Amino acid sequence: MTKKLSGKLSGGLVHELPADLIEALTETKEITTLWESLTPIGRNEFICWVEDAKQEKTRIRRIKRAVEELLEGQKRPCCWVGCIHRTDKKPSKWQQDVLIDKKKRKQTPKRSGA
């Protein structure tokens, strides 16, 4: 099921559109039309890619790049491994090892040797 934000722009499978991305996607009718032509999975990938940025400057750069990629005809963010939040498919082995397990290891406090 595709999520809609205020009936204006479509979101992704599991991610809703953040306000800063909405602002960029509504700059021109062409960008909005390109966004709406994406599949829900494609929109989800762009949203997850933007949301995954750890620093604000990276997020801003990704939003700008998302608009550029849409205008170039791309249907998914370039060089993005894919959303790990989707529930309709299992993460790939690479996603599990590198993105999911690595984050868990960072969150687990290390035990000092006795």
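Residues numbered from 1 in each chain as written. Predicted model: local features only at pLDDT ≥ 70, side-chain atom pairs only at ≥ 80, totals over all residues. Heavy atoms only, no water.

Student: Any details on the confidence of the model for the protein chain? Residues and values, ideally.
Tutor: Here the protein chain averages 81 in pLDDT, and 66% of its residues register 70 or above. By mean pLDDT, strand S1 (residues 4–5) is the weakest element of the protein chain at 40, and helix H4 (residues 56–71) is the strongest at 97. (pLDDT = per-residue confidence, 0-100. Helix = DSSP H or I, 4+ residues; strand = E, 2+ residues; numbered from the N terminus.)

Student: Could you give me a rundown of the packing of helix H3 (residues 40–51) against H4, with the residues and numbers involved?
Tutor: At a minimum axis separation of 8 Å, H3 and H4 run at an interaxial angle of 155°. Between H3 and H4, the angle falls in the class roughly antiparallel. Contact residues: H3 offers Phe46, Trp49, Val50 and Glu51, while H4 offers Arg59, Arg62, Ile63, Arg65, Ala66, Glu69 and Leu70. (Axes fitted to C-alpha atoms, helices over the stretch in contact; angles between N-to-C directions. Parallel < 35°, antiparallel > 145°, perpendicular 65-115°, else oblique. Contact = heavy atoms within 4.5 Å.)

Student: Let's hear about the packing of helix H2 (residues 29–37) against H4: which residues, and what values?
Tutor: One can describe the packing of H2 onto H4 by two numbers: an axis separation of 10 Å at closest approach and a directional angle of 80°. When the axes of H2 and H4 are compared, the pair comes out roughly perpendicular. Of the residues in H4, those in contact with Glu30, Ile31, Leu34 and Trp35 of H2 are Val67, Leu70 and Leu71. Among the residues making up the contact of H2 with H4, the classes are represented as six nonpolar, no polar and one charged. (Nonpolar A, V, L, I, M, F, W, Y, C, P; charged D, E, K, R; others polar.)

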